[in-house]
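# Structural characterization, general
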Amino acid sequence: MSSVRQQNFLLRKEKILAMAETLLLDNNQDITLSELAAELDIAKGTIYKHFKSKNQLYLELIILNEKRLLDISKAYHHDIKIYVSQYMLYNMLNSNRTILLHVIEERLTNNERKLKDLFEELYTIREQRILELKDLFGAHLKSLNSIMSIRDYLSYIWTITYGASLLLNSTHYQKSIGSRERLIKLYVNQALMTPDKLTEAELQAE
């Protein structure tokens, strides 16, 4: 394949992924490849040149999202308050995407057995994100005398973020949560309040 053809091939794949994400979020549910092809005004078979199945398309959307999170880690790994804020805002301001991609990933993890290489790519990117933040979070936890591990703290932040996204995406609860902006700020501040600090006695024993 010539460089021009290869570039066009990759550009078309990017367009397919972008439209798939848009349709998925607009519909707030599953989509079909026929719908996707119709929106792009291409033959359904063209999509299969890039993705062997809809599950592969979905998993590549999840990988794309994970790469965006990795980019956030690389851009803000110098300041934990900025990183946590940017990470949580990325998820909470697009709460439907956060929830949908998580639900789809859970489904694929439990039912898909033919995309091992893509799952490995996804987990590798996540590992890179943790490594990118390792020193930043390690220094922060040490400064607070916290006994939490870096992985546990990242999991703690993810839990708050996902829970907040569920609330912010709920039609029922949106009617009673008041100011979304204040609530989002509250969640960010909550994530920065690190639990499990060492007591004075434990510090002396150290």
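The chain is annotated in an unreviewed UniProt entry as TetR/AcrR family transcriptional regulator from Acinetobacter wuhouensis.

Count 3.6 residues to each turn of an α-helix, and residues three or four apart come out pointing the same way. Taking 1.5 Å per residue as the helical rise, helix α7 (residues 116–143) with its 28 residues ought to reach 40 Å, and the 40 Å between its terminal C-alpha atoms agrees with that figure. In the structure, α7 departs most strongly from a straight axis at K134, where the bend amounts to approximately 50 degrees. By the burial criterion, the buried members of α7 are L118, F119, L122, I125, R129, I130, L133, L136, F137, H140 and L141. Tucked into the core, α7 has its buried residues touching α4 (54–75), α5 (80–92), α6 (95–111), α8 (150–168) and α10 (180–192). At the C-terminal side of α7, N145 shows a positive phi close to 55 degrees.

Bringing the pattern of salt bridges into the picture now. The full count for this structure, using the stated rule, is 8 salt bridges. Because the salt bridges share partners, they merge into one network encompassing E66, E105, R126 and R129.

What follows is about the environment of L100. The residue L100 is located in helix α6 in this model. Classification of L100 as buried rests on a relative accessible area of 14%. Here the alpha-carbon distance between L100 and L166, two residues 66 residues apart in the chain, equals 10 Å.

Quick look at the layout of surface pockets now. Considered as a void within the structure, the largest pocket measures approximately 570 Å³ in volume. If you trace the largest pocket, you find 24 residues lining it, with E66, Y87, R126, R129 and W158 closest to the centre. Elements represented by at least two residues in the lining of the largest pocket include exactly α4, α5, α6, α7 and α8. Its residues placed into classes, the lining of the largest pocket shows 11 nonpolar, 5 polar and 8 charged. Taken as a whole, the second largest pocket holds about 240 Å³ of empty space. Every residue lining the second largest pocket is listed: L10, K13, E14, L17, E60, I63, L64, K67, L118 and E121. Broken down by secondary-structure element, the contributors of at least two residues to the lining of the second largest pocket are α1 (3–27), α4 and α7. Of the residues contributing to the lining of the second largest pocket, the split by class is 5 nonpolar, no polar and 5 charged.

This part takes up the UniProt feature "domain: HTH tetR-type" (unreviewed entry) in the chain. UniProt's entry tags residues 10–69 with the feature "domain: HTH tetR-type" (unreviewed entry), counted in the numbering of this structure. Counted over residues 10–69, helix gives 78% and strand 0%. Its end C-alpha atoms are 21 Å apart.

Now for the domain arrangement of the chain. Taken domain by domain, the chain consists of domain 1 (1–51) and domain 2 (54–199). Counting residues at the interface gives 15 residues for domain 1, matched by 12 residues for domain 2. Approximately 1,300 Å² of surface area, both sides summed, lies buried where domain 1 meets domain 2, with 64% of it carried by carbon and sulfur atoms. Our enumeration of links across domain 1 and domain 2 arrives at 3 salt bridges. A salt bridge links K13 to E60; its shortest N-O distance comes to 2.9 Å. Mapped onto the side of domain 1 that touches domain 2, the elements with two or more residues apiece are α1 and α2 (33–40). Ranked by the residues each element gives to the side of domain 1 that touches domain 2, the list is headed by α1, at 7 residues.

A word on the environment of S179. Structurally, S179 is set in the loop between α9 (171–174) and α10. With 164 residues separating them along the chain, S179 and K15 place their C-alpha atoms 35 Å apart.

What follows is about the side chain of T161. In this fold, T161 is placed in helix α8. If we skip the residues at most four places from it in the chain, T161 touches Y87, M88, N91 and M92.

It is worth spelling out the packing of α1 against α2 at this point. Orientation of α1 relative to α2, taken along the N-to-C sense of each, is 115 degrees, at an axis distance of 10 Å. Between α1 and α2 lies a crossing of right-handed hand. Side by side, α1 and α2 meet where K15, I16, M19, A20, L23 and N27 of the first sit next to E35, L36, E39 and L40 of the second. When its residues are assigned to classes, the contact of α1 with α2 shows 6 nonpolar, 1 polar and 3 charged.

Rules used throughout
Residues numbered from 1 in each chain as written. Predicted model: local features only at pLDDT ≥ 70, side-chain atom pairs only at ≥ 80, totals over all residues. Heavy atoms only, no water. Helix = DSSP H or I, 4+ residues; strand = E, 2+ residues; numbered from the N terminus. Expected span 1.5 Å × (residues − 1). Bend = angle between axes of the 7 residues up to and from the residue. Buried < 20%, exposed > 50% of the residue type's maximum accessible area, 1.4 Å probe, protein only. Contact = heavy atoms within 4.5 Å. Salt bridge = Lys/Arg side-chain N within 4 Å of Asp/Glu carboxyl O. 1 Å grid on protein atoms, 1.4 Å probe; cavity = no way out; pocket = protein on both sides within 12 Å on 5 of 7 lines; lining within 4 Å. Points joined across faces, edges and corners; volume = space filled by probe spheres on them. Nonpolar A, V, L, I, M, F, W, Y, C, P; charged D, E, K, R; others polar. UniProt positions renumbered as here; feature names shortened; annotations may be inferred. Domains from an automatic or database assignment. Buried area = accessible area lost by both parts, 1.4 Å probe. Axes fitted to C-alpha atoms, helices over the stretch in contact; angles between N-to-C directions. Left-handed = near helix turned anticlockwise from the far one by under 90°.

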